[in-house]
Amino acid sequence: MKVKDVAEKLGLKVFSAPQGLEREVSGGYTSDLLSDVMGHSQEGQIWITLQTHKNIMAVASLRDLAAIILVKGFEPDADTMELSEQEGIPVLGTRMQAFELSGSLYEILK
Amino acid sequence: MKLEYKVEGGDFTAAGFASSQIKKILKQLNIDPSVIKRVVIALYEAEVNIVAHAYRGVIKAHIESGGITLTLEDEGPGIPDVEMAMTPGFSTATKAVREMGFGAGMGLPNISENADSFNIETIVGKGTTLTIGIKFK
Ligand SMILES: Nc1ncnc2c1ncn2[C@@H]1O[C@H](COP(=O)(O)OP(=O)(O)O)[C@@H](O)[C@H]1O
Ligand SMILES: [Mg+2]
């Protein structure tokens, strides 16, 4: 499944880097701790978080994640979107909270 | 190959720059992706620690055919109890830093897990030097 399929199925807003919607999704990882994601996420996963600052893009890029989904209506900072465009890793958004979104993503990926 | 990067304490906007540069170089050198992953995890955590806990520092990377040696030397408060600092979950990070999702106390344990060799030299009131070695095979 591609990021764009996930975005369509879950009705996600695309904040940045639409060119990255073709990236393949291998799974998901839900966490707001950057060290946790750094140490334990896997390449190709979609990262679900409420963190909106630029460092999430550094982590996503260093760990080759497929995309980031911001929960609870949070929006990315301007420099986060800038880096997202540069790296080609999309930042998406939803009004759902992390529990609901993780459940929905799990359902469509299994 | 020898590379050097400066890191400013407190400047989270630039955190991860050295890690991403080194990642690119290792990719160009066709290093095994699982090795690159370990280098990136260890270096990012060490880089963020300078930003979060020290005043300024220098990262040196020495890439040879057999592996990479990373030296991160900072001017900062030093670490009074290294064993305690190495304990998973131990952190002295400020509330603001924690709210950003840093300061979970997983950095030094992550470095140690991913490095083939790891050494901490520290003088309280002066600074800290980490030496991280990762073999390519
Ligand atoms: N370069 C450093 N200079 C001073 N103290 C440090 C440094 N690196 C780590 N520490 C100390 O060790 C603790 C644990 O580090 P770490 O495991 O990376 O967790 P965290 O950075 O999330 O607090 C830090 O909270 C800090 O007290
Ligand atoms: Mg740390």
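Above this text is the structure in question.
Conventions we followed
- Residues numbered from 1 in each chain as written.
- Chains lettered and ligands numbered in written order.
- Predicted model: local features only at pLDDT ≥ 70, side-chain atom pairs only at ≥ 80, totals over all residues.
- Heavy atoms only, no water.
- Near = heavy atom within 4 Å.
- Polar contact = N/O pair within 3.5 Å; in protein donor to acceptor, adjacent residues only side chain to side chain.
- Areas by Shrake-Rupley, 256 points an atom, 1.4 Å probe, with all protein chains shown as cover.
- 1 Å grid on protein atoms, 1.4 Å probe; cavity = no way out; pocket = protein on both sides within 12 Å on 5 of 7 lines; lining within 4 Å.
- Sits in = over half its atoms within 2 Å of the grid points.
- Helix = DSSP H or I, 4+ residues; strand = E, 2+ residues; numbered from the N terminus.
- Contact = heavy atoms within 4.5 Å.
- Buried area = accessible area lost by both parts, 1.4 Å probe.
- Nonpolar A, V, L, I, M, F, W, Y, C, P; charged D, E, K, R; others polar.

## Digging into the site of ligand 1
Residue and element names in this part refer to chain B.
(1) Moving on: Taken together, 18 residues lie around ligand 1, and H53, D74, S91, T92 and G105 are the ones closest in.
(2) Moving on: The separation between an oxygen atom of ligand 1 and a polar main-chain atom of G103 is 3.3 Å.
(3) Moving on: Residue G107 places a main-chain N or O atom 3.2 Å away from an oxygen atom belonging to ligand 1.
(4) Moving on: For ligand 1, whose accessible area on its own is 530 Å², the fraction buried by protein is 93%.
(5) Moving on: A majority-of-atoms criterion places ligand 1 in the largest pocket.
(6) Moving on: Mapped onto the shell around ligand 1, the elements with two or more residues apiece are helix 2 (33-53) and helix 5 (107-114).
(7) Moving on: Looking at the shell around ligand 1, the element that brings in the most residues is helix 5, giving three residues.

## Side note on the interface of chain A and chain B
(1) Moving on: Listed as interface residues are 20 residues of chain A and, on the opposing side, 21 residues of chain B.
(2) Moving on: Here chain A packs against chain B, burying approximately 1,600 Å² in sum over the two surfaces, 55% of which is carbon and sulfur.
(3) Moving on: Of all residues in chain A, A:S35, A:N55 and A:L62 give up the largest surface area on contact with chain B, accounting jointly for 34% of the area buried on that side.
(4) Moving on: The tally of links between chain A and chain B comes to 10 residue pairs in polar contact (both at pLDDT 80 or more).
(5) Moving on: For the side of chain A that touches chain B, the element with the most residues is helix 2 (residues 34-40) of chain A, which contributes six residues.
(6) Moving on: Per-class residue counts for the side of chain A that touches chain B are six nonpolar, eight polar and six charged.

Limitation: the analysis is restricted to geometry and does not speak to function.
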